Amino acid sequence: MQRYAQDTLEKLEAMRQKAFLGGGSKRIDDQHHKGKLTARERIDLLLDEDSFEEFDLLMTGKAKAEAGTQEFPGDGVITGHGTIDGREVFVFSQDFTIMGGSLGEAHSQKICKIMDHAVRVGAPIIGLNDSGGARIQEGVESLAAYGEIFSRNVMASGVVPQISCVMGPCAGGAVYSPAITDFTFMVDHTSYMFVTGPNVVKTVTHQDITAEDLGGAAVHNQKSGVAHFAQPNDILCLREVRRLVNYLPSNNRQRAPILDLSDPIERIDPALDYLVPANPNQTYDMKILITSILDGAEFMEIQPHFAKNIICGFGRLGGQTIGLIANQPAVLAGVLDSLASVKAARFVRFCDAFNIPLVCLEDVPGFMPGPEQEHGGIIRHGAKLLYAFVEATVPRITVIIRKGYGGAYVVMNSKHIRCDINFAWPTAEIAVLGPKGAAEIIYRKEINESANPAETLRRKTDEYRQMHANPFLAAKQGFIDDVIAPRDTRHRLIRSLQFLESKHVDQPPRKHGNIPL
Ligand code: HXC
């Protein structure tokens, strides 16, 4: 009996060892020479040591011989669950050493199995993508297999966080799984995403372009906004995924974990009283304020290279994760344009879906004027941000630091669109138009008829600024709950978040709204 068990165990171990080798040592070497880690090495770095429990190591699916492919145990993807700092996550990692990580029926079934488990138990899904796309030999079955994954991505959206790492090729319709997930990481120079590759581009448009220039990490992090993070290599990429997971709850029924960074709640920062320049046209860096108020000055910025006129990211206040949205006066004067609106709208919706309170730091001169923006649909894109804020039921706080003008004032989480607490610094200017623009319109006749129009305009601008460009008219109306000293910002935010913790909003029944996409 003992001897039989020993044989069986040895046989099992041999099967496992074969499976662990994936496509074999030559292909593993090739993977390393390309500057990429293997699928198993990636999982080891992503998860807590020895926490990975694998499913379907020996799965091959239906006889591959029929499809003209060799059978590999595991079918080119490693799937299972493990922990990140003690919290459960589900993971799949595509193995490029097996048929280029291409996706066939069994490969997809393995991914779908862990996605189903993740939704049932309420744990994040992390996909490490490195694949030549649909397995050509499996034909339409591999297309159907993608569809199964896409459907699950959509059904899991807003239920559990979904994170994609693109760590190699990702082409064709395969890009739509990462696109639906909440956050996409890419690795510089070894990853790319495109709907059609350089060869098809050449045939159809006669353009010569490299994979990197068409859909590399730089393109998707700076221009298209498809990706949220770019990292120089696999190791740093996986470390950042762990960092991101620590800011998030495991599912939409939970709160994000509290992490005490031993930063006193009452801490004040007198330097903030001098942050905003006396000249309203002079710029400053909003990130100074962000790092000053957050616990331990720790901030994880989302899409730091895209639409830099708005800053989005995670930090902690009093240990609790918050989603921070801030205008950046140092880039395009902090104006709201189409890209900034869409970037912030998606972030607001993620936070709302996952019970993460929103803190908005506002210094916005308005929406970007001009035909380029109008023709590009700034009305539709700006409406997305408006819509996202209005529908958000998580605790919401805004601090107006300096400018809050026109429609942008309303859109940036104002009291009028269901924000809970609205503070302003004494430097805040809240009005329909900037002082000069307002004076030019309402005193046009007087200015034009005066002996010295330039001087009259200057005088009228000053008058308007004195009268309207301050926080006190809004405070009189109750649109601003309090005008606060800059140095007290951290403390006041945390006290508000504490009382808002039990906030509850009933929503009217409906299938879903119709956000202007
Ligand atoms: C089957 C594939 C494969 C695929 C690669 N391989 N892609 N096998 N189906 N889609 C195999 C190769 O034959 C090779 O096997 C091994 O993987 C490694 O590939 P190489 O070409 O040697 O590697 P490399 O030079 O690094 O090039 C990687 C690549 C290239 C750029 C991804 O392989 C490639 O262009 N593949 C085809 C990509 C493609 O057109 N996919 C379909 C996209 S459409 P051997 O045994 O020789 O080592 C799509 C639709 C999805 O995905 C729709 C969803 C709705």
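Since we're looking at a predicted model, the values are computed, not measured.

Q: Help me out: how do you make sense of the packing of helix α16 (residues 435-442) against helix α18 (residues 453-468) in this one?
A: Two measures define how a pair of helices packs: the angle their axes make with one another and the distance between the axes. Relative to each other, α16 and α18 sit at 115 degrees, their axes nearing to 8 Å. The element α16 and its partner α18 pack so that their crossing is right-handed. Facing Pro435, Lys436, Ala438, Ala439, Glu440 and Ile442 of α16, the residues of α18 in contact are Leu457, Lys460, Thr461, Tyr464 and Arg465. Class assignment of the residues belonging to the contact of α16 with α18 gives a composition of 6 nonpolar, 1 polar and 4 charged.

Q: How should the site of the ligand be read in this particular structure?
A: Around the ligand, the structure places 20 residues, and the nearest of them are Arg27, Lys34, Gly100, Gly132 and Ala134. One of the side-chain N or O atoms of Arg27 is found 2.7 Å from an oxygen atom in the ligand. At 2.6 Å, a backbone N or O of Gly132 approaches a nitrogen atom of the ligand. When the free accessible area of the ligand is taken as 1000 Å², the share hidden by the protein chains comes to 53%. Those elements that place two or more of their residues in the shell around the ligand are α5 (140-156) and β6 (169-171). No other element matches α5, which puts 3 residues into the shell around the ligand. Of the residues that constitute the shell around the ligand, the class distribution is 11 nonpolar, 6 polar and 3 charged.

Q: For this particular structure, what's the right way to read the environment of Tyr247?
A: Among the secondary structure elements, Tyr247 is positioned in helix α10 (residues 234-247). Looking at Tyr247, the relative accessible area reads 2%, which means it is buried. Distance in space between the C-alpha atoms of Tyr247 and Leu457 is 50 Å, their sequence separation being 210 residues. Ignoring sequence-local partners within four residues, the contact set of Tyr247 consists of Ala256, Glu298, Phe299, Met300, Phe314, Gly315, Arg316, Thr321 and Ile356.

Q: Looking at this structure, I do not really get unusual backbone geometry. What am I missing?
A: One can expect most non-glycine residues to show negative phi and most peptide bonds to be in trans. For Asp50, which is not glycine, the phi dihedral falls at a positive 60 degrees. In this structure, Asp50 sits in the loop between α3 (39-46) and β1 (53-55).

Q: Even after reading the chapter, I still don't get α5, so can you show me in this structure?
A: Count 3.6 residues to each turn of an α-helix, and residues three or four apart come out pointing the same way. Taking 1.5 Å as the rise per residue, α5 with 17 residues should run 24 Å; its terminal C-alpha atoms sit 25 Å apart, in good agreement. Buried within α5 we find Ser142, Ala145, Tyr146, Ile149, Asn153 and Ala156. All buried residues of α5 lie within an arc of 100 degrees about the axis, which places them on one face of the element. The outward face of α5, more than 90 degrees from its buried face, is lined by the exposed residues Val140, Leu143 and Met155. The secondary structure elements touched by the buried residues of α5 are α4 (105-121), β4 (125-129), β5 (162-166) and α6 (176-180).

Q: What am I meant to see in the pattern of salt bridges here?
A: Inspection of the entire model under this criterion finds 32 salt bridges. A salt bridge links Glu54 to Arg40; its shortest N-O distance comes to 2.9 Å. With Glu54 in strand β1 and Arg40 in helix α3, this residue pair connects regions lying 14 residues apart in the sequence. Judged by its relative accessible area of 21%, Arg40 falls in the partly exposed class. One salt bridge in this structure joins Lys436 and Glu440, with 3.5 Å as the shortest N-O distance. One end of the pair is Lys436 and the other is Glu440, both in helix α16 and 4 residues apart, which spans about a single turn.

Q: I would appreciate a short explanation of the layout of surface pockets in the present structure.
A: The rolling of a water-molecule-sized probe over the atoms marks out the regions of remaining empty space. There is about 240 Å³ of room inside the second largest pocket. In this structure, the second largest pocket is lined by Asn279, Pro280, Asn281, Pro365, Lys403, Tyr405, Glu429, Gly434, Pro435, Lys436 and Arg465. Mapped onto the lining of the second largest pocket, the elements with two or more residues apiece are β14 (396-405) and α16. Of the residues belonging to the lining of the second largest pocket, the class tally is 4 nonpolar, 3 polar and 4 charged.

Conventions adopted
- Residues numbered from 1 in each chain as written.
- Predicted model: local features only at pLDDT ≥ 70, side-chain atom pairs only at ≥ 80, totals over all residues.
- Heavy atoms only, no water.
- Axes fitted to C-alpha atoms, helices over the stretch in contact; angles between N-to-C directions.
- Helix = DSSP H or I, 4+ residues; strand = E, 2+ residues; numbered from the N terminus.
- Left-handed = near helix turned anticlockwise from the far one by under 90°.
- Contact = heavy atoms within 4.5 Å.
- Nonpolar A, V, L, I, M, F, W, Y, C, P; charged D, E, K, R; others polar.
- Near = heavy atom within 4 Å.
- Polar contact = N/O pair within 3.5 Å; in protein donor to acceptor, adjacent residues only side chain to side chain.
- Areas by Shrake-Rupley, 256 points an atom, 1.4 Å probe, with all protein chains shown as cover.
- Buried < 20%, exposed > 50% of the residue type's maximum accessible area, 1.4 Å probe, protein only.
- Expected span 1.5 Å × (residues − 1).
- Arc of directions from axis to C-beta.
- Salt bridge = Lys/Arg side-chain N within 4 Å of Asp/Glu carboxyl O.
- 1 Å grid on protein atoms, 1.4 Å probe; cavity = no way out; pocket = protein on both sides within 12 Å on 5 of 7 lines; lining within 4 Å.
- Points joined across faces, edges and corners; volume = space filled by probe spheres on them.

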